[in-house]
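Structure assessment
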Amino acid sequence: MTAELGEVTIAQLQEDMAAGARTAAGIAEGYLAAIEAVDGALCSVIETNPDAAAIAGQLDRERLDGHVRGPLHGIPILLKDNIDTADRMQTTAGSLALLGSRAAGDATVAAALRQAGAVILGKANLSEWANFRSTSSTSGWSARGGQCRNPYDLSRNPGGSSSGSGAAVSAGLAAAALGSETDGSIVNPSGACGIVGIKPTVGLSSRAGVIPISHTQDTVGPMARTVADAAAVLGALTMADARDAATAAKGRTVHGDYRPFLDADGLRGARIGVAREGVSGYHDGTEKVFEDAIRAIRDAGAEVIDPADIPTVGSEEMGASELVIMQTEFKHGVAAYLATRTVVNADLPQPGSLADLVRFNREHAEQELVHFGQERFELALESGPLDGEDYLQALATGRRLAAAEGLDAVLDAYGLDALIAPTGGPAWPLDPQDGDAVHGGSSRCAAVAGYPLVTVPAGFVPPASETGAEIGLPIGLSFMGRAWSEPILIRLAYAFEQISQVRRPLEPRG
């Protein structure tokens, strides 16, 4: 990271630009220089935007003319490489199969960031196809971007699938980033990389122009170094979108600005449930961080109900239903998405279906299948139609177990504002042969229900002596709640962040 920009907040950048101490162009150039200096080892950024400096210069001219669009005016933000941009950058989900075509237009969230005055700095590396290609993948690896690494220890995994978004923000290579989540893909790398991640309620942000896995579970959200920064970005993403029916959901409650919910005393009087069964107890160091966080929350004036376990958290039926949902929706969703692509190189293969992608990977196995296979793709090929009995039954079962009999049941039973749980264990060693060795997680119920999560840095676990990570490996704390409860979760997470102040930057190293 750079000492100049590494930990500077969005609010501070705005103050500096307003005072004439910085320009948007200078900020963009500073982050681009940091990427050039650091990212060769980190592999968090697939490509930078060749027009970033020009866009920033135009925003500087707008500021001089007295027009400031809002809190993101002139702020550089990275996008995960599954979010379409209609510019000189590509959108590939990390796959070589999409190099012969381009997005026909901006994803709605990308267009919204532009409208808000953000500078789209580049595309972040990711777990290829958002980690839905293989049952034994290595998170953070893509054929196009290579292996993204954890900035706290380059021998460790950054988590997935929004791997580059998490690693780049943590390393100070952008003010913030967008990630996408189907189940854990924002909160997992945020926790592993020691940053804040907001996984919004499905339907709060549009998925139009985002390479899909599941229209039932996919959502797009911000990843940043502070809750305030993440809240500033989230407010730009809440537009309704005719291209995404989920943004017209009944009961949808959104805000154009989530910063008013930042309350340093926000834990006082809150009722917080401690989820333990099935989501904690898997790692001693993580458990110590969790217990310290619980004490801090209680000391901040919250009423802590411990335990407040999710009744269905260990349901094998919920897990099986989730797989049916994702496999079925991916097969149909990816074909619909591929039909939107514009051919730019007719000499390269132009996939139009999941079967085409499977074929491409087999034909380019030395590049695409060098570390792991495509078992999930092949299973998805065998899935049925969207009106099939198996799929519809899985959809109903998943919603019932995750929401009505899961999160809603425990939140209602104890009258809770939110539940807390460890986001996951410490970053695991990179192992391209055997794949990920994940230490726990708490994202599934919220994923299947479509409910929000906010993860915030909670502490560090001592590393093994050989890792070289001097201050340890980050652990995140997740706040989970009902649909559209982002204001509550942001208030609670911000208050916890203010009393704990545990984020500690570190030069990327191995």
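As shown above, the structure is provided for reference.
The rules behind these values
- Residues numbered from 1 in each chain as written.
- Predicted model: local features only at pLDDT ≥ 70, side-chain atom pairs only at ≥ 80, totals over all residues.
- Heavy atoms only, no water.
- Helix = DSSP H or I, 4+ residues; strand = E, 2+ residues; numbered from the N terminus.
- Buried < 20%, exposed > 50% of the residue type's maximum accessible area, 1.4 Å probe, protein only.
- Lys, Arg positive; Asp, Glu negative; His and termini not counted.
- Salt bridge = Lys/Arg side-chain N within 4 Å of Asp/Glu carboxyl O.
- Polar contact = N/O pair within 3.5 Å; in protein donor to acceptor, adjacent residues only side chain to side chain.
- Contact = heavy atoms within 4.5 Å.
- 1 Å grid on protein atoms, 1.4 Å probe; cavity = no way out; pocket = protein on both sides within 12 Å on 5 of 7 lines; lining within 4 Å.
- Points joined across faces, edges and corners; volume = space filled by probe spheres on them.
- Nonpolar A, V, L, I, M, F, W, Y, C, P; charged D, E, K, R; others polar.

Further remarks concern the side chain of Lys-123. Here Lys-123 lies in strand β4 (residues 119-124). Within the buried core, Lys-123 has no salt-bridge partner, and the shortest N-O distance to an opposite charge, that of Asp-81, equals 4.2 Å. Separated by 3.1 Å, the side chain of Lys-123 and the backbone oxygen of Ile-83 make a polar contact. Those residues in contact with Lys-123 that sit more than four places away from it in its chain are Val-45, Ile-46, Glu-47, Leu-78, Leu-79, Lys-80, Asp-81, Ile-83, Thr-85, Met-89, Gln-90 and Thr-91.

On to the layout of surface pockets. Roughly 970 Å³ of volume is contained in the largest pocket. Around the largest pocket sit 37 residues that line it, and Asp-183, Gly-184, Val-438, Ser-443 and Arg-444 are the ones nearest its centre. Considering each element in turn, the lining of the largest pocket owes the most residues, four residues, to helix α9 (residues 316-338). For the lining of the largest pocket, a count of residues per class yields twelve nonpolar, 19 polar and six charged. Taken as a whole, the second largest pocket holds about 800 Å³ of empty space. What lines the second largest pocket is a set of 40 residues, and nearest its centre among them are Arg-207, His-215, Asp-244, Ala-245 and Ala-246. Of all elements in the fold, only α9, α13 (389-414) and α14 (444-449) reach the threshold of two or more residues within the lining of the second largest pocket.

Turning our eyes to something else, we now look at empty space enclosed by the protein. Overall, the coordinates contain two cavities of 30 Å³ or more when judged by the stated rule. The space that makes up the largest cavity amounts to roughly 80 Å³. As for the largest cavity, its lining consists of 13 residues, and the residues nearest its centre are Asn-188, Ala-192, Thr-423, Gly-424 and Gly-425. Taken together, the elements giving at least two residues each to the lining of the largest cavity come down to α6 (187-193) and β15 (473-480). Grouping the constituent residues of the lining of the second largest cavity by class yields four nonpolar, six polar and two charged.

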